[in-house]
Amino acid sequence: MRDGADAYAAPHGHPQARDRDESRPATSGRRWRMMKPLPPEHPMLAPVQLRRDLIADGYTDRAIARLVDAKVLKKLRHGAYVAHDAWEALDHEGRHGLTARAVVKAGKTDLVLSHVSSLPDWGAPMWGLDLSVVHVTRTDHKAGRREAGVKQHRGLLMPDDTTARNGVRITSPERTLIELTTMADLEQCLVVWNHFVHKKLTTIDRVNSRYRALSTGPRSSMEHWPDTLTTELLLRLADGRIETVGESRTQCLFWKQRLPKPVPQYEMRDADGNFLGRVDFAWPEHKVFLEFDGRVKYEKYLREGETAADAVIREKRREERICERTGWRCIRITWADLAYPERTAMRIRNFLFASTATA
């Protein structure tokens, strides 16, 4: 059983941003609700130092190299450095976000973090996505120069397509989700789309509205949208009730394997209507519910003084109580099961069929 994740109205904007400030309502009167911005001391926001600045401060190339060898500085990319301790404190996604900042700082023109590279600042999961290349969009609409590890896009950015967050300009939730479909597969995209909608960063209606505007507008407003079928499908599949990466991947498995569509975050009640808890997915017509067993579930919802093992036991007892008081059956799957979708789907299908046959 879990409560809905908190969402925040984040009054954060760059004072010199020329796009929409998150702290003010948009012209439509709506206001984005989003996760809190990163605190200034977060390692992803560590100052990026360019070679030209270090040279201006009196360092030589040899001195800079010595600082890198001594693990005082970390070379992010050609001519860009950051404190080594900050780099070491970050995970793979955070390192991508920090490297992206180096690209923006070293850029010869105004750049906006876009596509996958806007995700770290939205706090979005980046499961399975290629983080080897930083994606930025130019604001001058000119063709970008090619350089290792960087992809410059030149799609026309409308006023509502960008915002300032954590001191850098990034694409809006709607633009980010649409762009992601041009570079990632359905499962990778669904993980991100569900997260954005669950966290109330946007709505499917707003994404759909922006997508329709891009699809029907002048060609100059579209950089390249090659996979419209994926976008159309995601507009139908994305569901803000789905909370985690594991649940999103499980949802994708249901769809790809043509399993009956379940109800996400289903409220279980006994014969007297007493609330027993919420389950990840349920098929009421089969009296079956499914729980995705991910480590994050137990770590995220630990109670004070409780270990992960205690949480597992509590979860098992909750499941037993629900089954005893409702007569339903439970099936559990794990990360390992997702690696074998056909086999897992057969197991679920047999489970549903058996429950119907014995009803």
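Residues numbered from 1 in each chain as written. Predicted model: local features only at pLDDT ≥ 70, side-chain atom pairs only at ≥ 80, totals over all residues. Heavy atoms only, no water.

Enquirer: How should the packing of helix α7 (residues 186-198) against helix α9 (residues 228-237) be read in this particular structure?
Expert: Packed helix pairs are characterised by how far apart their axes lie and by the angle those axes make with each other. Where α7 contacts α9, the two axes come as close as 10 Å, and the packing angle between them is 45 degrees. Here α7 is positioned oblique relative to α9, judged by the angle of their axes. α9 is crossed by α7, and the crossing has right-handed handedness. Contacts from L186, C189, L190, W193 and N194 of α7 reach α9 at T231, L233, L234, L235 and L237. A class-by-class count of the residues in the contact of α7 with α9 yields 8 nonpolar, 2 polar and no charged. (Axes fitted to C-alpha atoms, helices over the stretch in contact; angles between N-to-C directions. Helix = DSSP H or I, 4+ residues; strand = E, 2+ residues; numbered from the N terminus. Parallel < 35°, antiparallel > 145°, perpendicular 65-115°, else oblique. Left-handed = near helix turned anticlockwise from the far one by under 90°. Contact = heavy atoms within 4.5 Å. Nonpolar A, V, L, I, M, F, W, Y, C, P; charged D, E, K, R; others polar.)

Enquirer: In this structure, what is going on with the packing of α7 against helix α10 (residues 245-256)? I would like to understand it.
Expert: With their axes 9 Å apart at the nearest point, α7 and α10 run at an angle of 130 degrees to one another. The orientation of α7 relative to α10 falls into the category oblique. Once α7 is placed against α10, the crossing between them reads as right-handed. Across from L186, E187, L190, V191 and N194 in α7, the residues of α10 making contact are V245, S248, R249, Q251, C252, W255 and K256. For the contact of α7 with α10, the per-class residue count stands at 6 nonpolar, 3 polar and 3 charged.

Enquirer: Explain the sheet that holds strand β1 (residues 49-50) here, please?
Expert: Whether parallel or antiparallel, the strands of a sheet pair through hydrogen bonds between backbone atoms. Taken together, 3 strands build an open sheet; the order of strands is β1-β3-β2 and the sheet is antiparallel. Strands with a single pairing partner mark the edges of an open sheet, and in this sheet they are β1 and β2 (73-77). Inspection of the sheet shows β2 paired to strand β3 (residues 80-83) by 4 bridges, in the antiparallel sense. Pairing of K74 across the sheet is with V82, part of β3. Strand contacts of helix α4 (residues 92-106): β1, β2 and β3, with the helix running at about 70 degrees to β2, the strand carrying the most contacts. (Pairing = 2+ DSSP bridges.)

Enquirer: Before we go on, may I ask you to explain the environment of C252 in this structure?
Expert: For C252, the location among the structural elements is in helix α10. Under the relative-accessibility criterion, C252 is labelled buried at 1%. In the structure, C252 is positioned 61 residues away from V191 in sequence and 8.9 Å away in space, judged by C-alpha atoms. Sequence-distant contacts of C252, defined by excluding residues within four places in its chain, comprise L186, E187 and L190. (Buried < 20%, exposed > 50% of the residue type's maximum accessible area, 1.4 Å probe, protein only.)

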